[in-house]
Structures are given as structure tokens and as C-alpha cells.
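Per-entry structural report
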Amino acid sequence: LLDTISFNEPTTPKEEKTTVKKYIDISEHQGNIDWTKVKNEVDGVMIRAGYGKNNIDKKFVRNITECNRLGIPCGVYWFSYALNENMAKQEAEFCLAAIKPYKVELPVCFDFEYDSVNVAKNNGVTITKKIATSLVHAFCQTIEKAGYYAMNYTNKDYLSRYFDDTTLRYDLWLAQWPNVVDLNNPPSGAGIWQYTSDGYVNGIGGRCDMNYCYVDYPSRIKAKGLNGFKKSTTTTTK
């Protein structure tokens, strides 16, 4: 199946059969993490690389260096304050420069949220569905052109109000926090499901976001030769 799916086609949990993985996502707000302890608690990590105009997360280098050292699969996300397509493209370039020295086995994700819209409003820009969707495309296309696997993070509210999901072909990391969590029934279309912000993991002092992942992203990315990996080849012996 990996050989028949383009890296930029959206993924739904039904498209690939894989064991559900336990992911967390973190930023400088989690402080100094004891990654040796975390390694035994999770299957993967989405790390904030930075935000806006090349503001690198204060703990990014430490977090990704430790994940690489300990062999914890990691991806990254960039919190956007883009007001237009050019700014979103620049944010993608900042993100690519930040992750270039490191091993990234999971997607590179665009993150546009409530604070993004509020900052835009304060700068005289009203974010419409057309604008928000164009920002996703500008960021993710830049990531893809650089040979990385792009993804879009959002929540159910923004998915309906700000993003035209009929044109967005990128994998979806969806935040949806139900009262009762059933890992076997994720939100439709979600490759990664962020199901709570109130999680606790050994090695992290305080709360962090918890996720279930329904796609074997490391295998898919490596098979396609993305994120700096050489494309997998199959040798046939007669």
C-alpha cells in the first residue's frame, strides 16, 4: 500500500492497517523534560520547532537532540502568525532551516489557531476561510518541495469555519477532546488524534497534550524517501 500512496495524499485511519501509537506533543512550556523516562512512555513526539517570524522554541534544540539520541521518533510543528501566503511560506522556510540538522521521522506540521486569528485581527487582517486555506497550502507546499512530509493541525471548529477541507490534501492532525475517549473510534479523517490537553507522562513535570496516531508515519516517510531518508527499494530474486 505504501508504494501506491503519494506522500501528499491525505490519510484516514482506514487506509493503512497499523498498531495505534501513543504520541505526545510538547514545547518550551513543558520545561526541561527527562527524555530517558519519557522514552518508555510514548511511541513518538511532535515537537514545537518555533512560531511566527523565526522564533525558535526555547527548548526545541534540547528536545529534538534528546529524541534523536534516544531513538524516539519525532516530528515538528510550527505555530503560525502568517497574515498572507508569503509569510506562511517564510515560516515554512524558517522551520526547514531549524530541523535540517536533525532526524525527523514524523510529519512537519502547520499549526494555525485562535491566537493566530487574533494577532491577524490586531494587524488589520480578517482571516477568512479562503485566506486560512491559502496559508495551509503555502506552508505545506513549501515543506513538500523541500522533500518533507507535510501535515495540517487544527480542531473541529476551525476545520469547519476556517479550512476548506475539499481542497486540503494534507494529512490531518485533529484536536478533539471528548468526555469519553475510545481509541478505536477516532474522528473521521484524522491521522493523528489529539484527544486531551490534560495528560501526564513520567518524565514531564506538569500536563501535556496526548495523541493517538493511526498511521505508520516512519515507515511511510522512509519508503517514500522523504525527510532526508533514502527511498526504500525492493529487490526481487528469481
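None of the values given here were measured: they were computed from a predicted structure.

Cut-off values and rules
- Residues numbered from 1 in each chain as written.
- Predicted model: local features only at pLDDT ≥ 70, side-chain atom pairs only at ≥ 80, totals over all residues.
- Heavy atoms only, no water.
- Helix = DSSP H or I, 4+ residues; strand = E, 2+ residues; numbered from the N terminus.
- Buried < 20%, exposed > 50% of the residue type's maximum accessible area, 1.4 Å probe, protein only.
- Areas by Shrake-Rupley, 256 points an atom, 1.4 Å probe, with all protein chains shown as cover.
- Salt bridge = Lys/Arg side-chain N within 4 Å of Asp/Glu carboxyl O.
- Core = buried A, V, L, I, M, F, W, Y, C linked by side-chain atoms within 4.5 Å.
- Contact = heavy atoms within 4.5 Å.
- Axes fitted to C-alpha atoms, helices over the stretch in contact; angles between N-to-C directions.
- Left-handed = near helix turned anticlockwise from the far one by under 90°.
- Nonpolar A, V, L, I, M, F, W, Y, C, P; charged D, E, K, R; others polar.
- Phe/Tyr/Trp six-rings, centres within 6.5 Å; stacked < 30°, edge-to-face > 60°.
- Disulfide = S-S within 2.5 Å.
- Expected span 1.5 Å × (residues − 1).
- Polar contact = N/O pair within 3.5 Å; in protein donor to acceptor, adjacent residues only side chain to side chain.
- pLDDT = per-residue confidence, 0-100.

Looking at the overall build of the protein
Along its length, the protein carries seven helices and nine strands. For the protein, buried positions account for 50% of its 238 residues. Summing over all exposed atoms, the protein offers an accessible surface of approximately 11600 Å²; the carbon and sulfur share of this is 47%.

Details of the pattern of salt bridges
Throughout the structure, instances matching the rule amount to nine salt bridges. For Glu28, the salt bridge goes to Arg48, with nearest N and O atoms at 3.3 Å. Of this pair, Glu28 sits in the loop between β1 (21-26) and α1 (35-38) while Arg48 is found in strand β2 (residues 44-51), placing the two residues 20 residues apart along the sequence. A single burial state applies to Glu28 and to Arg48, both of which are buried. Between Asp157 and Arg161 there is a salt bridge, with the nearest N and O atoms lying 2.7 Å from each other. Of this pair, Asp157 and Arg161 both sit in helix α6 (residues 156-161), four residues apart, which is roughly one turn of the helix.

Remarks on the nonpolar core
Counting residues in each nonpolar core, the largest one holds 55 residues, and the members touching the most others are Ile24, Ile26, Trp35, Val45 and Phe139. One finds Met46, Leu106, Cys109 and Val215 within the second-largest nonpolar core, a separate group that totals 16 residues.

Some points on unusual backbone geometry
We note that Asn54 has phi near 60 degrees; this positive angle belongs to a residue other than glycine. Within the element layout of this structure, Asn54 appears in the loop between β2 and β3 (55-56). One non-glycine residue, Asn227, lies in the positive phi region at around 55 degrees. Mapped onto the elements, Asn227 comes out in the segment after α7 (217-223). Residue classification places Asn227 among the buried residues on the basis of a relative accessible area of 5%.

Side note on the environment of Asn32
Mapping Asn32 onto the fold places it in the loop between β1 and α1. On the basis of relative accessible area, Asn32 is assigned to the exposed category, the value being 52%. Separated by 173 residues in the primary sequence, Asn32 and Gly205 place their C-alpha atoms 8.4 Å from one another. Excluding anything up to four places from it in sequence, Asn32 contacts Lys59 and Arg62.

Considerations on the packing of helix α3 (residues 85-99) against helix α5 (residues 129-145)
Relative to each other, α3 and α5 sit at 35 degrees, their axes nearing to 8 Å. Crossing of α3 against α5: the hand is right-handed. Contact with α3, carried on its side by Glu85, Ala88, Lys89, Glu91, Ala92, Glu93, Cys95 and Leu96, involves Ser134, Leu135, Ala138, Phe139, Thr142 and Ile143 of α5 and no other residues of that element. Tallied by class, the residues present in the contact of α3 with α5 amount to eight nonpolar, two polar and four charged.

A word on the packing of aromatic side chains
Within the structure shown, the criterion is met by 13 aromatic pairs. On the numbers, 5.6 Å between centres and 75 degrees between planes, the contact of Tyr149 with Tyr217 is edge-to-face. Of the two residues, Tyr149 is situated in the loop between α5 and β6 (150-155) and Tyr217 in helix α7; the sequence distance between them amounts to 68 residues. Tyr149 gets classed as buried once you look at its relative accessible area, which sits at 0%. Each residue in the set Tyr51, Phe79 and Tyr81 is aromatic and connected to the rest through ring pairs, giving one cluster.

Looking at the state of the cysteines
By definition, a disulfide is the covalent link that joins the sulfur atoms of two cysteine residues. Evaluated as defined, the whole model comprises zero disulfides. Unpaired in terms of disulfides, Cys109 finds its nearest cysteine sulfur in Cys140, a separation of 7.2 Å.

Quick word on α3
The end-to-end C-alpha distance of α3, which contains 15 residues, comes to 21 Å, matching closely the 21 Å that a straight helix rising 1.5 Å per residue would cover. For α3, the complete set of buried residues consists of Met87, Ala88, Glu91, Ala92, Cys95, Leu96, Ala98 and Ile99. Of the surrounding secondary structure, the elements contacted by the buried residues of α3 are β2, β3, α2 (60-70), β4 (74-79), β5 (108-111) and α5. For α3, the N-terminal cap is Asn84; the gap from its side-chain oxygen to the backbone nitrogen of Asn86 is 3.2 Å.

A short note on the confidence of the model for the protein
Keep in mind that low pLDDT regions are not for reading the predicted coordinates in detail. Here the protein shows a mean pLDDT of 91. Residues at 70 or above account for 89%. Taken as a whole, residues 1-15 scores under 50 in pLDDT and shows 39 contacts with residues more than four places along the chain or in a different chain.

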